[in-house]
Structure formats: C-alpha cells, structure tokens
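What follows is the residue order along each chain.
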Amino acid sequence: MFGLSALFLARFQFAFTVGFHIVFPAFSIGLAAYLAVLEGLWLKTGRSAYLDLFKYWLKVFSVVFGMGVVSGLVMSYEFGTNWSSFSQKAGPILGPMLAYEVMTAFFLEAGFLGVMMFGLNRVGKGLHFAATCMVSIGTLISMSWILSSNSWMQTPRGYRIDEATGRFLPVDWWQIVFNPSFPYRIVHMGLAAFLCVAFIVAGVAGWHLLKARREGRQASEQVRLMFSMAMWMAAIVSPIQVLAGDTQGLNTLEYQPAKIAALEGDWESESRAPELLFGIPDMKNETTHFKIAIPYLGSLILTHSLDGKVPGLKDYPKEDRPYSPLLFFSFRIMIALGMLMVLVGLWSLYLRWKGKLYDTPLLHRIALFMSPAGFLALLCGWITTEVGRQPFTVYGLLRTSDSVSPIALPNIATSMIAFVIVYFIVFTGGITILLRTFAEEPHPDQHGPAEDQPQRAAGTTQVSHQPQPDAGMAE
C-alpha cells in the first residue's frame, strides 16, 4: 500500500530531477542561439574575435548539452515507475506530443550537432553555419513541444474524457497544442533562456575584466566583445521579459485564479486590492502574517485597473488550494531577480553612453555576482508554475493523488537515494569542468578553415597537399 508519504516522495523525486534538468535545456537554448549569432557575425564581418568566442562557448555548449540529455532521460522513466496512473490517463495526449518533440527536435539537434562541433575545418563555412542554425532551431522546437505539453496540463483544451477508463482522448489537436496558456509561456520561457545565457556570459566576461585590471593590463578584445554583447542582451531583453511576465499573469488570472490568489497571499477576494511586498501566509489559519503592502497596487498589476477584483483563496475549497507559502516567496524572488536584471541592463546602457562600460569595476563585480541570477529566476518561476497547479496534474481535472503509481515507499526511497548520489557526482564533475573553462580567457587569433585548400572529408584518410614524387623517380 502507498499513502501520503509515498506520494510526497514521488513528487519530491520528480521535483529534484526536473529541477536539475531544467537548467541545462535553458542553457542549451540560449547558448545555441548565441553560437549562431557569433558565427553569423564572423562570416559577415570576418572579425576573428567572433570566431574565438564561438570556439570558446562551443566547448561550454558540448558539456551543457550532454548534461541536459543525461538528466532528461531519467524523467521519462519516472512517468512509468512513479506516475503510471497519470501516464495511463493522459498518455493519449501527452505521449504523441513528447514523441513529436523527439522526432522534430531532438533528431534535428543530434543530426547536426556533430557537424557543428567537429566540422568547422571539414565542411564549408556555409554548411557549418547552417548546421549551427539547425541545432539552435532544434532547441527552440524542443522547447515548444515540451512547453505545449506542460501548458496543456495547466489549461487543458481539445480533449474528451472516456467514461469507461477515465482517459483523456484527443478531439482537436490544434486546441491541444495551442492551448490558452501556451503562447504566453513559450515567449516567457524563451526570453528567460536568453537572459540566463546573457548573465552567464556577462559574469564570465566580468571576471576576466576584473582579472585584467588587477594585472594592470587591458582586457582582450574577445572579453570586451562578449561583455558588450551580454549587456546589450540584458538591456533589451529584460524589460521585454517584464512585459511578457505581465501578459502571462493576466492569462493565469483568467484560467488559474487560485494560483494567483496563492502567490499573492490573498485570502479574501476584493477590489482595490493591495500588493503584498512581504508576508507569511498561514494555510491553517487562513491569513497572512506580518504584511507589508502598497495600497491599490495589487489590483493595478493584476487587472490593470485600480478597481479590479483580485481573487482570494477562501473562494476555493481547502482541498483545491495551492500551497501559498512556497508560491508567495518563489514568486517574489523571481520578480526581485527580474527587476535587478532590468536595472543592470539600464545601468550598462548609461555607462556605454558615457564610454565607461569597460572601466567600471563595480558593474563588472555585479555582473559576476549576478551570473546565476537568470537560472535562479528560472527555477523560482518553475516552482511558481508547477506548485501553483497543485493539487492537480491536469488542472481541475486529474488530482496528483490519483496520478501516482501504486508503488511502495521503500522502492521510491531507494531510487531517490540513488538519484541524489549519481546526480551530485555527475553534475559536480560537469560544473567543475564548466568553471575551469570559464576561468580561461578566450584565446585570440584562432583562425577558421583555410580558404585556399580543400577541406578534409568525412573518413579516416587525411588528404595530403604535398607534391608526390614521380613514379619513375620512385623506382
């Protein structure tokens, strides 16, 4: 028999594995696009610094991509071992969508990955750039299918429920794929991936700018270039991300109002609602303690009207309420990090205008300190989204308690312990490699493929370009 303890551990195990996994696909999505931009600029301008940066970040991409694949494989098994009831009921819809992700995205990435990583001196420049673009497009398509699947769980549409089996059966695939929350979430996630990479790049560049300053020398062209590109991305994308988050909030208020009530810490529905900057939600006593609030701002943000009505958790049965304390703080950490990213981006614009972008150590230190900010915001956003869907796996239709497998607690505990040990060994090694790579400055004067000689074709035979001796002389 299994009970709440087994259910909790199954949920924790999936949260643990997906929490590790989500960081690496986001890194891959943003980094693949960055690599495509770098190679495109190199081909357009002929500036060798772009090629140096491409080769530098290509090494990082290879590690990140591999760690993403390894961490993602585990979750597909968990659907069968820990969540078989969910897989049986939602499989007719989610199964094909995940299969489409593999066929249209993962195969595309895998097919061109080898060319991108090892083909720069073996194929033409145009073909190599096309391979890099295909890998980038593949990561975006993969993100689209995964988010569409998850968004359907948040705002299910285009289905019918079989009365005999309780299974969700597809009726309209257009409504399933392009469900109400999907357009907002894909924009929000895509921008988040770009910001994650922008601040990692800025942090690495900031480290080397500070190092060059300590050593009394000017930072290399490559370091200054990648810091400039990262700050452009932060300055442009972070304000757009705030607007994208606002539109997703409006969508969530329409389709998942209980989630909004939980993350806001509101218990009573009211017009002209305040915005709680701080508080401690109390699920047992149905109140929020130690509130620090700004009057009217909650209604203004959530409804774009001072008189707008904001829902309260008491509008919903206790058994249908998300866990407000976790949502309340994860949402505010995400917002705080987002605002800090906006401020850093705007500050960089001011310093660029003043001509001091590379001569302000405080900005470089802040960039280094903020380097994980994108990933922390991403994880907090994921917690807000997924915990806010509880107590349902398919929102409003299929409860999490009805989705778990009939598996004994010791079996889940055993696999949980194994996952923790293996993940920490593998990912500690991978992150150590990344940090060592980041500690090295991009090497200048790394030249691309020679233009006056044929490229080496696939295979093991090296083409010699040396003149061969005459056959008669050989005799």
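Residues numbered from 1 in each chain as written. Predicted model: local features only at pLDDT ≥ 70, side-chain atom pairs only at ≥ 80, totals over all residues. Heavy atoms only, no water.

> Got a sec to walk through the overall build of the protein chain? Specific residues and values, please.
Scanning the protein chain from N- to C-terminus turns up 14 helices and eight strands. For the protein chain, the C-alpha radius of gyration of 25 Å lies close to 23 Å, the compact-globule estimate for 475 residues. Its C-alpha atoms put the protein chain at 95 × 60 × 40 Å along the principal axes. Taking all 475 residues of the protein chain together, the buried fraction comes to 48%. Sequence separation of at least 24 residues holds for 78% of the intrachain contacts in the protein chain that already meet a minimum separation of 6. Only carbon and sulfur atoms are counted for the fraction: they give 67% of the accessible area of the protein chain, which is about 22900 Å². Positive and negative side-chain charges of the protein chain, numbering 34 and 33 respectively, have mean locations separated by a distance of 6 Å. (Helix = DSSP H or I, 4+ residues; strand = E, 2+ residues; numbered from the N terminus. Rg over C-alpha atoms; globule rule 2.2 N^0.38 Å. Buried < 20%, exposed > 50% of the residue type's maximum accessible area, 1.4 Å probe, protein only. Contact = heavy atoms within 4.5 Å. Areas by Shrake-Rupley, 256 points an atom, 1.4 Å probe, with all protein chains shown as cover. Lys, Arg positive; Asp, Glu negative; His and termini not counted. Charge placed at Lys NZ, Arg CZ, Asp CG, Glu CD.)

> Mind laying out the pairing of strand β5 (residues 287-294), listing which residues take part and the relevant values?
In this structure, strand β4 (residues 275-282) lies alongside β5, joined through six bridges in antiparallel fashion. Bridge pairing links E275 to I294 in β5. Hairpin connection of β4 to β5: four residues between the antiparallel strands, including E286 at a positive phi of 55°. (Pairing = 2+ DSSP bridges.)

> Quick rundown of the confidence of the model for the protein chain? Include the residues and the values.
Residues of the protein chain with pLDDT of at least 70 account for 93%, and the chain-wide mean is 86. Overall, residues 446-475 carries pLDDT values under 50, and its contacts beyond four positions in sequence, including any with other chains, amount to 24 contacts. (pLDDT = per-residue confidence, 0-100.)

> Provide a residue-level description of the pattern of salt bridges, including the pertinent values.
Once the charged atoms of two side chains with opposite charge are near each other, the side chains can pair. Applying the stated rule across the entire model yields 11 salt bridges. E441 is paired through a salt bridge with R217; the nearest N and O atoms lie 3.3 Å apart. Of this pair, E441 sits in the loop between α13 (409-439) and α14 (471-474) while R217 sits in the loop between α6 (182-214) and α7 (221-255), and the two are 224 residues apart along the sequence. With a shortest N-O distance of 3.6 Å, E275 and R332 are connected by a salt bridge. Residue E275 is located in strand β4, and its partner R332 is located in helix α10 (residues 324-354); the two are separated by 57 residues in the primary sequence. Taking the relative accessible area as the measure of exposure, R332 reaches 14% and is therefore buried. Salt bridges here are not isolated pairs; linked through shared partners, they connect E215, R217 and E441. (Salt bridge = Lys/Arg side-chain N within 4 Å of Asp/Glu carboxyl O.)

> Just give me the short version of the packing of α6 against helix α11 (residues 361-369), but keep the residues and values in it.
When two helices pack together, their arrangement is given by the angle between the helix axes and the distance between those axes. Direction vectors running N to C along α6 and α11 enclose 135°, while the axes themselves pass 7 Å from each other. Here α11 runs oblique to α6, going by the angle between their axes. Seen along the crossing, α6 lies across α11 with a hand that is left-handed. Together, F199, A202, G203, G206, W207, L209, L210 and R213 of α6 and P361, H364, R365, A367 and L368 of α11 make up the contact between the two elements. Split by residue class, the contact of α6 with α11 holds eight nonpolar, three polar and two charged. (Axes fitted to C-alpha atoms, helices over the stretch in contact; angles between N-to-C directions. Parallel < 35°, antiparallel > 145°, perpendicular 65-115°, else oblique. Left-handed = near helix turned anticlockwise from the far one by under 90°. Nonpolar A, V, L, I, M, F, W, Y, C, P; charged D, E, K, R; others polar.)

> Report on the packing of aromatic side chains, specifying residues and quantitative values.
Evaluation of the coordinates by the stated rule reveals 28 aromatic pairs. With a centroid separation of 5.3 Å and 80° between ring planes, the pair formed by F328 and F329 is classed as edge-to-face. An aromatic cluster is defined as three or more aromatic residues linked by ring pairs; in this entry it consists of F16, F20, F24, F419, Y423, F424 and F427. Sitting above the plane of the W207 ring, R214 keeps its charged end 5.7 Å from the centroid. Stacked on the ring of F328, the Lys or Arg R332 has its end atom at 3.6 Å from the ring centre. (Phe/Tyr/Trp six-rings, centres within 6.5 Å; stacked < 30°, edge-to-face > 60°. Lys NZ or Arg CZ within 6 Å of the ring centre and 35° of its normal.)

> Before we move on, could you go through the side chain of T155 and cite the residues and values that matter?
Checked against the element boundaries, T155 lands in the loop between α4 (125-154) and β1 (159-161). T155 gets classed as buried once you look at its relative accessible area, which sits at 3%. Once residues within four sequence positions are removed from consideration, T155 is found in contact with N179, P180, S181 and Y255.

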